[in-house]
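Structure assessment
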Amino acid sequence: MVMFSDTDVHEHGPDEKISVRDRRAADRYEAVRGGEVVGILIYERRRHRIDLIHMVTDPEHRGEGVASVLVRTVLAEARSIPMPVLVICPFIESWLQRHPEQAEGVMLDD
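Keep in mind the model is a prediction, meaning the values are calculated, not measured.

1. Regarding the pattern of salt bridges
Here the structure, examined in full by the defined rule, presents 9 salt bridges. Note that Arg24 is salt-bridged to Asp22, the shortest N-O span being 3.7 Å. Residue Asp22 is classed as buried on the basis of its relative accessible area, which comes to 9%. Two residues, Arg33 and Glu64, come together in a salt bridge whose shortest N-O distance is 2.6 Å. Of this pair, Arg33 sits in strand S3 (residues 28-33) while Glu64 is found in the loop between strand S5 (50-57) and helix H1 (66-80), placing the two residues 31 residues apart along the sequence. Overlapping salt bridges bring together Arg21, Arg23, Arg28 and Glu30 as one network.

Structural data, given as structure tokens:
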């Protein structure tokens, strides 16, 4: 079984924090700021990998780094296990093109 931490906290701006929590029962990670869910990353756990299926950021919080915090957190945790990641989500694919240093352990095609 893959064990990710329940919550990782990342600074956002001078006074804001984005927390990332794994909601295993819902198969998704949530980005939370000020008690409000501002983004989600839907995944599917498989025996030997995690599939990143879809990412959604609250339209009011786009451009604030929410998606980057979610992707970086999930990829860092997967690498720490280590657990390969299959990217299905087109947004995450394009994000990885802009951040190739984050591609370790990532598969873009099954």
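2. Looking at the nonpolar core
Core analysis: the biggest nonpolar cluster contains 26 residues, and Tyr29, Leu41, Leu52, Met55, Leu75 and Ile92 have the highest contact counts within it. With residues near it in sequence (within four places) discarded, Leu41 still touches Asp27, Arg28, Tyr29, Leu52, His54, Met55, Leu70, Val71, Val74 and Ile92.

3. Some thoughts on the packing of aromatic side chains
As enumerated under the stated definition, the model contains 1 aromatic pair in all. On the numbers, 5.1 Å between centres and 50° between planes, the contact of Tyr29 with Tyr43 is tilted. Placement of the pair is Tyr29 in strand S3 and Tyr43 in strand S4 (residues 36-45), with a sequence separation of 14 residues. We classify Tyr29 as buried; its relative accessible area is 1%.

4. Re the side chain of Thr57
Among the structural elements, Thr57 can be located in strand S5. Apart from the residues lying within four places of it in its own chain, the contact partners of Thr57 are Val38, Gly39, Arg62, Val66 and Ala67.

5. Topic: the confidence of the model for the chain
Summing up the model confidence of the chain, the mean pLDDT is 87 and the portion of residues at 70 or higher is 85%. Here strand S1 (residues 7-12) stands out as the least confident element of the chain, with mean pLDDT 49; strand S6 (residues 85-87) is the most confident, with 97. Predicted confidence is poor over residues 1-6, with pLDDT under 50, and the contacts of this stretch with residues over four places away or in other chains come to 21 contacts.

6. Some words on the pairing of strand S2 (residues 16-23)
Taken together, the 5 bridges between S2 and S3 define a ladder with antiparallel strand orientation. Within the sheet, the bridge partner assigned to Arg21 lies in S3 and is Glu30. In sequence, S2 turns back onto S3 through a hairpin of 4 residues, with Asp27 there showing a positive phi of about 55°.

Rules used in this analysis
Residues numbered from 1 in each chain as written. Predicted model: local features only at pLDDT ≥ 70, side-chain atom pairs only at ≥ 80, totals over all residues. Heavy atoms only, no water. Salt bridge = Lys/Arg side-chain N within 4 Å of Asp/Glu carboxyl O. Buried < 20%, exposed > 50% of the residue type's maximum accessible area, 1.4 Å probe, protein only. Helix = DSSP H or I, 4+ residues; strand = E, 2+ residues; numbered from the N terminus. Core = buried A, V, L, I, M, F, W, Y, C linked by side-chain atoms within 4.5 Å. Contact = heavy atoms within 4.5 Å. Phe/Tyr/Trp six-rings, centres within 6.5 Å; stacked < 30°, edge-to-face > 60°. pLDDT = per-residue confidence, 0-100. Pairing = 2+ DSSP bridges.

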